[in-house]
Amino acid sequence: MGLTFDPQSPPSQSPALARAHPRCFHPQASSVEQLRKEGNELFKCGDYEGALTAYTQALALGATPQDQAILHRNRAACHLKLEDYGKAETEASKAIEKDGGDVKALYRRSQALEKLGRLDQAVLDLQRCVSLEPKNKVFQEALRSIGGQIQEKVRYMSSTDAKVEQMFQILLDPQEKGTEKKQKASQNLVVLAREDAGAEKIFRSNGVQLLQRLLDTGEADLMLAALRTLVGICSEHQSRTVATLSVLGTRRVVSILGVENQAVSLAACHLLQVIFDALKEGVKKGFRGKEGAIIVDPARELKVLISNLLELLTEVGVSGQGRDNALTLLIKTVPRKSPKDPNNSLTLWVIDQGLKKILEVGGSVQDPAGELTVTANSRMSASVLLSKLFDDLKCDAERENFHRLCENYIKSWFEGQGLAGKLRAIQTVSCLLQGPCEAGNRALELSGVMESVIALCASEREEEQLVAVEALIHAAGKAKRASFITANGVSLLKDLYKRSEKDSIRIRALVGLCKLGSAGGTDFSMKQFAEGSTLKLAKQCRKWLCNDQIDAGTRRWAVEGLAYLTFDADVKEEFVEDEAALKALFQLSRSEERSVLFAVASALVNCTNSYDYEEPDPKMVELAKYAKQHVPEQHPKDKPSFVRARVKKLLAAGVVSAMTCMVKTESPVLTTSCRELLSRVFLALVDDVEDRGTVVAQGGGKALLPLALEGTDVGQTKAAQALAKLTITSNPEMTFPGERIYEVVRPLVSLLHLNCSGLQNFEALMALTNLAGISERLRQKILKEKAVPMIEGYMFEEHEMIRRAATECMCNLAMSKEVQDLFEAKGNDRLKLLVLYSGEDDELLRRAAAGGLAMLTSVRPSLCSRIPQVTTHWLEILQALLLSPNQELQHRGAVVALNMVEASKDIASTLMESEGLEILSVLAKGKESPVTRAAAACLGKAVEYGLIKPNQD
């Protein structure tokens, strides 16, 4: 009752049938009444955002107070459908302000408040509804339901009072140290805090102060229990979060990140992430209702937290893991989530306040006395953060300020600070080259920097050589510097490789040579070194990679070298044949050396040829040759047959298991670019139908889901396409067990967008067809993702395979009531399209359309009487189905005929007066089958109507 609308006029055209017209607004609609009706029609079509727009336009036309109340309550209904309960409450409240007795608005507000967990306020609205309409059973039932929920909550809260107190007594009792009883109490406290009611109880029982005492003990187990409990208290609750910070102190919470115990540091990192999320939500929405009990500016609290994190970066005594966790938090919380958000003020503030501190971590030289403690991943994390900050800048002035701050910092170390200062400056340049390379290139051009790099490469001290050679390697990857280094650095790198006694120096020099040697990319005709040199370099890289006596940080450079050398198809072939090297590569990808991930992914992309490659137009090639221009050439061993063979060897070596572990990595090093590379490899691995079972068995389906939901647009699309391929050829319930199968829907629907290729559209439709045939819950998930309008659009596609796949998908979705309603709604051509497609030449398209028609006419008899109205050719289409040599088409035609005969005597009469009587008679006499039974039932119904008489047989 609460979601009913005023009478509406039927739309002149379905909003989903024409891809160019996604909404069913009439151009002439201009009055408040017309726009309100348009909104109601859109709501019925399931286009809730379109309905919102219509109601908003109507409000802008100066509606009367009564109309405003109706429009606001209708907007509340839209927000309820869109599951934006905060806005639903706001709109319903506006309607009530206009009309205090608007029972629909009161009911909708109660629904929103219930979803927001504010049961005490929801019950007041429902009591008001019942007082206005005492006989309304919907209101009475809702009031009973919410009353039960409140009683249950009260019982739960009272029963947990004593439990919370007892848990804290056990945890704070010094006599219980290390006992099983204490461990159980800490686990129970964490579990209790995961439920909102339990978290509220702990919070109101002076819990934060007691948890502070647990943190002060310094015992790792108690600190972990306290931090995990605090996560439950702060999760998605702004006022509790602010209160917690005021008790514990922002500085105290941030300082826990820096402890030596990794588990405690990670738990503190998780808590701070939850706090950031709560505060950011406060910045977006502000406080309202009981959330407003503590008045605070979330933006100010956010800056205080970030300021403390920046201070932690350069504090002496902070663990390397803690520094990494601080960088991870900054990466996740500072830059904008979307470029559509115009506000990048937080990024600008961090650059002004903390860029030097980030550069200090990025430029730190490992292990000298007095330096910051860093891990092997710290500098790479700093590079990722710098890159994210730079990418978040919107204009040249902001970028120029970034460059100026970086250059001033580098100059401050490079000039007047001696050799140690020069080393730090060069290390900082390396950090920038791995992150915002534009800033790195500018820094390379500073007076004396490049010359110092070349000079230090010849130093006799290993630590100086390491810094200089790494800088040279990173600089060689930038096209602007590659030619300079080719002329000035190749001989130096060769000399270091041949003469140095240190493997750590030789391996880095080798990577520099690899990088320069791969400057031609996959172009077979552009080789920098003599024939066979790249194979020798690759062989040495594989040798170092397999040498487990060398530390992981040094072996990482061997993978970097292979990442460049595998542009050469000869190197790829040798690499995939070397089982020991592949095994070592996959083991290294699972190690703590996270900075190797991008190099591993790059090497796999090269081996599987999953980079973008377009065959050059033969005419353009001839033209280029005539003009004496360079024409790229593909290596003979990069042809499809070689690529397929390499993929099978990688699968046999366990590449899927290794990549699955890489995807699970919780590290900033797993950048969006790295995720895109992994998505490309997965797509190459599932290209052959025969290999898909292996990918699924090794956990590939599970790994693809996060790749399809987060990353670059290209990466998400590639991962979604790989998911589609798996869903088409394997049982989705086995490939994506449990709740995971519902997560597959959104990536598949994303492939229906017009910016995707025809193949991607086709595979998505095929995969969605499979899912739609499994369960009603999956069909509802597909509907919720707004796939129906796009699927209908593809039913008009010129390409017959896409058109057929869309029709099959729609027919499976038609098992849902909502889709049946769309077909039954007046003023659309959905039914006509199915009838016409049932008469097409494409047999598979006919089978899909006729199947949908048979099902729809079975569940919605009213559609039977409309079939003769949608096209005059309906009878010949039906007869053609009945006469088809294909048994499936015959059966579907017979079912449609039976449904139509049972629905209307007039239709039965028309059918019996045509050749249909003779066709049905012949079919009814055939061998016992579903077709003969349906045909006999048709004739039996005609006899019952008195249209025909039974013969003696």
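Residues numbered from 1 in each chain as written. Predicted model: local features only at pLDDT ≥ 70, side-chain atom pairs only at ≥ 80, totals over all residues. Heavy atoms only, no water.

Enquirer: Hey, could you run me through the overall build of the protein in this one?
Expert: Tallying secondary structure elements over the protein gives 54 helices and zero strands in all. When the 953 residues of the protein are sorted by exposure, 54% land in the buried category. For the protein, restricting intrachain contacts to residue pairs at least 6 apart in sequence, the fraction spanning at least 24 positions comes to 68%. As displayed, the protein offers around 43,300 Å² of accessible surface, 50% of which is attributable to carbon and sulfur atoms. (Helix = DSSP H or I, 4+ residues; strand = E, 2+ residues; numbered from the N terminus. Buried < 20%, exposed > 50% of the residue type's maximum accessible area, 1.4 Å probe, protein only. Contact = heavy atoms within 4.5 Å. Areas by Shrake-Rupley, 256 points an atom, 1.4 Å probe, with all protein chains shown as cover.)

Enquirer: Looking at this structure, how should I read the nonpolar core?
Expert: Ranked by size, the top nonpolar core spans 253 residues in total, and within it Ile306 and Leu685 carry the most contacts. Among the elements that take part in this core, helix α14 (residues 262–285) stands out by supplying 10 residues, more than any other. Taken together, domain 2 (447–517) and domain 3 (522–612 + 635–719) each give at least three residues to this core, which thus spans both. Here leucine 685 is in contact with Val647, Leu651, Val655, Val656, Met659, Asp691 and Val695, once residues within four sequence places are set aside. Counting residues in hydrophobic clusters, the runner-up holds 16 residues, among them Ala95, Ile96, Cys129 and Val130. (Core = buried A, V, L, I, M, F, W, Y, C linked by side-chain atoms within 4.5 Å. Domains from an automatic or database assignment.)

Enquirer: Mind showing me how you'd approach helix α5 (residues 103–115) here?
Expert: For the α-helix, the turn length of 3.6 residues means that residues three or four positions removed from each other point alike. Its 13 residues give α5 an end-to-end C-alpha distance of 19 Å, which sits within 8% of 18 Å, the value for a rise of 1.5 Å per residue. Of all the 13 residues making up α5, 10 are buried; the element is thus mostly covered by neighbouring parts of the structure. The complete set of buried residues in α5 reads Val103, Lys104, Ala105, Leu106, Tyr107, Arg108, Arg109, Ser110, Ala112 and Leu113. The opening residue of α5 is aspartate 102, an N-cap whose side-chain oxygen sits 3.2 Å from the backbone nitrogen of lysine 104. (Expected span 1.5 Å × (residues − 1). Polar contact = N/O pair within 3.5 Å; in protein donor to acceptor, adjacent residues only side chain to side chain.)

Enquirer: Even after reading the chapter, I still don't get unusual backbone geometry, so can you show me in this structure?
Expert: If a residue is not glycine, its phi is most likely negative; likewise, a peptide bond is most likely trans. In this structure, asparagine 206 is a non-glycine residue whose phi angle is positive, near 60°. Along the chain, asparagine 206 turns up in the loop between α9 (196–204) and α10 (207–216). The phi dihedral of lysine 786 falls on the positive side, at around 60°, and the residue is not glycine. By relative accessible area, lysine 786 is classed as partly exposed at 35%.

Enquirer: Help me understand the packing of helix α1 (residues 32–45) against helix α3 (residues 65–81), please; the structure alone is not making it clear to me.
Expert: Relative placement of two packed helices is described by the angle separating their axes and the distance separating the axes. Two elements in contact, α1 and α3, have axes whose closest approach is 12 Å; the angle formed by their N-to-C orientations is 20°. What the angle tells us is that α1 and α3 run roughly parallel. You can see that α1 and α3 cross each other, and the crossing is left-handed. Facing α1, whose interface residues are Val32, Arg36, Asn40 and Phe43, α3 presents Asp67, Ile70, Leu71, Asn74, Ala77, Cys78 and Lys81. Among the residues forming the contact of α1 with α3, the class breakdown is six nonpolar, two polar and three charged. (Axes fitted to C-alpha atoms, helices over the stretch in contact; angles between N-to-C directions. Parallel < 35°, antiparallel > 145°, perpendicular 65-115°, else oblique. Left-handed = near helix turned anticlockwise from the far one by under 90°. Nonpolar A, V, L, I, M, F, W, Y, C, P; charged D, E, K, R; others polar.)

Enquirer: I'm lost on the UniProt feature "repeat: TPR" (unreviewed entry) in the protein in this one. Help?
Expert: As recorded in UniProt, the sites labelled "repeat: TPR" (unreviewed entry) are residues 103–136. For the annotated span residues 103–136, helix accounts for 79% and strand for 0% of the residues, and the straight-line distance between the end C-alpha atoms is 11 Å. (UniProt positions renumbered as here; feature names shortened; annotations may be inferred.)

Enquirer: I would appreciate a short explanation of the packing of aromatic side chains in the present structure.
Expert: The relation between two aromatic rings is expressed through the spacing of the ring centres and the mutual angle of the planes. All told, the structure shown has three aromatic pairs when counted by the stated rule. Summarising the aromatic geometry, the rings of phenylalanine 43 and tyrosine 48 are spaced 5.1 Å apart at their centres and angled 65° between planes, so their arrangement reads as edge-to-face. When the centroid spacing of 5.2 Å and the interplanar angle of 50° are considered together, the rings of tyrosine 107 and phenylalanine 139 count as tilted. Placement of tyrosine 107 in helix α5 and of phenylalanine 139 in helix α7 (residues 137–172) is noted, with a sequence separation of 32 residues between them. The same class applies to tyrosine 107 as to phenylalanine 139, namely buried. For lysine 422, the ring lying beneath its charged end belongs to phenylalanine 414, and the centroid distance is 4.9 Å. Taking NZ or CZ as reference, arginine 424 lies 4.8 Å from the ring centre of tryptophan 413, over its face. (Phe/Tyr/Trp six-rings, centres within 6.5 Å; stacked < 30°, edge-to-face > 60°. Lys NZ or Arg CZ within 6 Å of the ring centre and 35° of its normal.)

Enquirer: Would you mind showing me how to read the environment of leucine 132 here?
Expert: Along the polypeptide, leucine 132 turns up in helix α6 (residues 119–132). Taking the C-alpha atoms as reference points, leucine 132 and glycine 101, separated by 31 residues in sequence, lie 7.7 Å from one another. When residues no more than four places from it in sequence are discounted, the contact partners of leucine 132 are Gly101, Val103 and Leu106.

Enquirer: Help me understand the pattern of salt bridges, please; the structure alone is not making it clear to me.
Expert: If the charged atoms of two oppositely charged side chains come close together, the side chains can form a pair. Taken as a whole and assessed by the stated rule, the structure comprises 49 salt bridges. Two residues, aspartate 688 and lysine 648, come together in a salt bridge whose shortest N-O distance is 3.6 Å. On the criterion of sequence distance, the pair formed by aspartate 688 in the loop between α35 (672–685) and α36 (692–697) and lysine 648 in helix α33 (residues 640–653) is long-range, its members being 40 residues apart. For aspartate 688, a relative accessible area of 23% corresponds to the partly exposed category. Through salt bridges with shared partners, a single ionic network connects Asp196, Glu200, Arg204 and Arg240. (Salt bridge = Lys/Arg side-chain N within 4 Å of Asp/Glu carboxyl O.)

Enquirer: What am I meant to see in α6 here?
Expert: The first and last C-alpha atoms of α6 sit 20 Å apart over 14 residues, in line with the 20 Å expected at 1.5 Å per residue. All buried positions along α6 are accounted for by Leu119, Ala122, Val123, Asp125, Leu126, Cys129 and Val130. Down the axis of α6, the buried side of the element spans an arc of 160°, and every buried residue falls inside it. (Arc of directions from axis to C-beta.)

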